[in-house]
Amino acid sequence: RSSVPAASGEQAAPRRDGRGWVSARWDNLVGVSDHAAPESERPTRELDDVADRDELRNRFDMLLQELRVSLPGVQVLTAFLLTAPFSQRFGDLDLWGRRAYGVALTSSMLSVICLIAPTLLHRLGERRARSHRLQWSVRLMLTGLGLLGVALLSAMWGIARFVFGTETAWWL
């Protein structure tokens with residue numbers, strides 16, 4: 001029970017150490033607490049697969065919602081990269097242009113794989129290992145987003161180099 005007075009003006013019970021509600025307010029401001037952190041603030045590795053089942057489900061649902069936002073953009077980028085070699089001017093790329101394209105294509109494909117994998121873990125993973133599945137899903141999502149960044153940067157560099165030249169591309 002909190003020792004800070006309620007908003008309605010009620011006087012709260014003094015703390016166990018007898019210091020009163022003013023000290024309790026100070027403790028809350030500086031981060032000292034008599035209680036454990038709420039479930040939503042606890043690290044995933046500290047959550048129990050059985051006791052914290054609802055919290056783990058909520059976190060996994062939020063993770064899947066975040067993936068639903070980012071995955072279509074990665075898929076569109078990958079689709080454009082897959083069609084690029086069939087354009088008329090693709091043959092004009094030199095060695096470095098093809099390397100940039102290769103890095104962009106490879107990293108976007110790996111990004112798609114990493115961003116789809118949490119859904120597979122959710123559906124096919126062991127039901128009793130909720131905390132472990134969530135930890136791996138977060139790692140895969142972060143890896144996928146990092147690979148997306150690599151894909152975007154290498155694609156932008158390759159296009160800027162093709163359009164503006166090598167010196168300008170390094171400054172973009």
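Preceding this paragraph is the structure being described.
Below or above, wherever it landed, is the structure these notes cover. (Residues numbered from 1 in each chain as written. Predicted model: local features only at pLDDT ≥ 70, side-chain atom pairs only at ≥ 80, totals over all residues. Heavy atoms only, no water.)

**Remarks on the overall build of the chain**
And then number 1: The helix and strand tally for the chain stands at 5 helices and 0 strands.
And then number 2: Along the chain, from the amino end to the carboxyl end, the secondary structure elements read α-α-α-α-α.
And then number 3: Evaluated residue by residue, the chain yields a buried proportion of 33% over its 172 residues.
And then number 4: Here the contacts in the chain between residues at least 6 apart in sequence split such that 56% fall between residues at least 24 apart.
And then number 5: Surface accessibility of the chain: about 11700 Å² in total, with carbon and sulfur atoms responsible for 62%. (Helix = DSSP H or I, 4+ residues; strand = E, 2+ residues; numbered from the N terminus. Buried < 20%, exposed > 50% of the residue type's maximum accessible area, 1.4 Å probe, protein only. Contact = heavy atoms within 4.5 Å. Areas by Shrake-Rupley, 256 points an atom, 1.4 Å probe, with all protein chains shown as cover.)

**Brief notes about the pattern of salt bridges**
Close approach of charged atoms allows side chains of opposite charge to pair.
And then number 1: The final tally for this structure, using the stated rule, is 2 salt bridges.
And then number 2: Where arginine 89 meets aspartate 92, a salt bridge forms, and the shortest distance between an N and an O atom there is 3.1 Å. (Salt bridge = Lys/Arg side-chain N within 4 Å of Asp/Glu carboxyl O.)

**Description of a positive patch on the surface**
And then number 1: Side chains of Arg57, Arg68, Arg123 and Arg127 sit close together on the surface and give a patch of like positive charge.
And then number 2: Turning to its location among the elements, arginine 123 is positioned in helix H3 (residues 95-124).
And then number 3: You can call arginine 123 exposed: its relative accessible area is 59%. (Patch = residues over 30% accessible without salt bridge, like charges linked within 9 Å, V, L, I, M, F, W, Y side chains within 5 Å. Lys, Arg positive; Asp, Glu negative; His and termini not counted. Charge placed at Lys NZ, Arg CZ, Asp CG, Glu CD.)

**Section: a nonpolar patch on the surface**
And then number 1: Among the surface-exposed residues, Leu153, Met156, Ile159, Phe162, Val163, Phe164 and Leu172 lie close enough to one another that they form a single nonpolar patch of about 730 Å² accessible area.
And then number 2: Here leucine 172 shows up in the segment after helix H5 (166-171).
And then number 3: Judged by relative accessible area, which is 55%, leucine 172 ranks as exposed.

**Some points on the nonpolar core**
And then number 1: Formed by 20 residues in total, the largest nonpolar core has its most connected members in Leu67 and Leu115.
And then number 2: Of all the secondary structure elements, the ones that give two or more residues to this core are helix H2 (53-83), H3 and helix H4 (130-164).
And then number 3: Residue contributions to this core peak at 9 residues, all from H2.
And then number 4: When neighbours within four sequence positions are excluded, leucine 67 is seen to be in contact with Pro72, Leu115, Pro118 and Met141. (Core = buried A, V, L, I, M, F, W, Y, C linked by side-chain atoms within 4.5 Å.)

**Thoughts on the packing of H3 against H4**
The description of two helices packed together rests on the angle between their axes and the distance between the axes.
And then number 1: Relative to each other, H3 and H4 sit at 160 degrees, their axes nearing to 7 Å. One element, H3, and the other, H4, form an angle in the roughly antiparallel class. In this structure, H3 meets H4 at a crossing whose hand is left-handed.
And then number 2: Residue composition of the contact of H3 with H4, grouped by class: 20 nonpolar, 10 polar and 2 charged. (Axes fitted to C-alpha atoms, helices over the stretch in contact; angles between N-to-C directions. Parallel < 35°, antiparallel > 145°, perpendicular 65-115°, else oblique. Left-handed = near helix turned anticlockwise from the far one by under 90°. Nonpolar A, V, L, I, M, F, W, Y, C, P; charged D, E, K, R; others polar.)

**Quick look at the side chain of threonine 78**
And then number 1: Note on placement: threonine 78 falls in helix H2.
And then number 2: Not counting chain neighbours up to four residues away, the residues in contact with threonine 78 comprise Ser108, Met109 and Val112.

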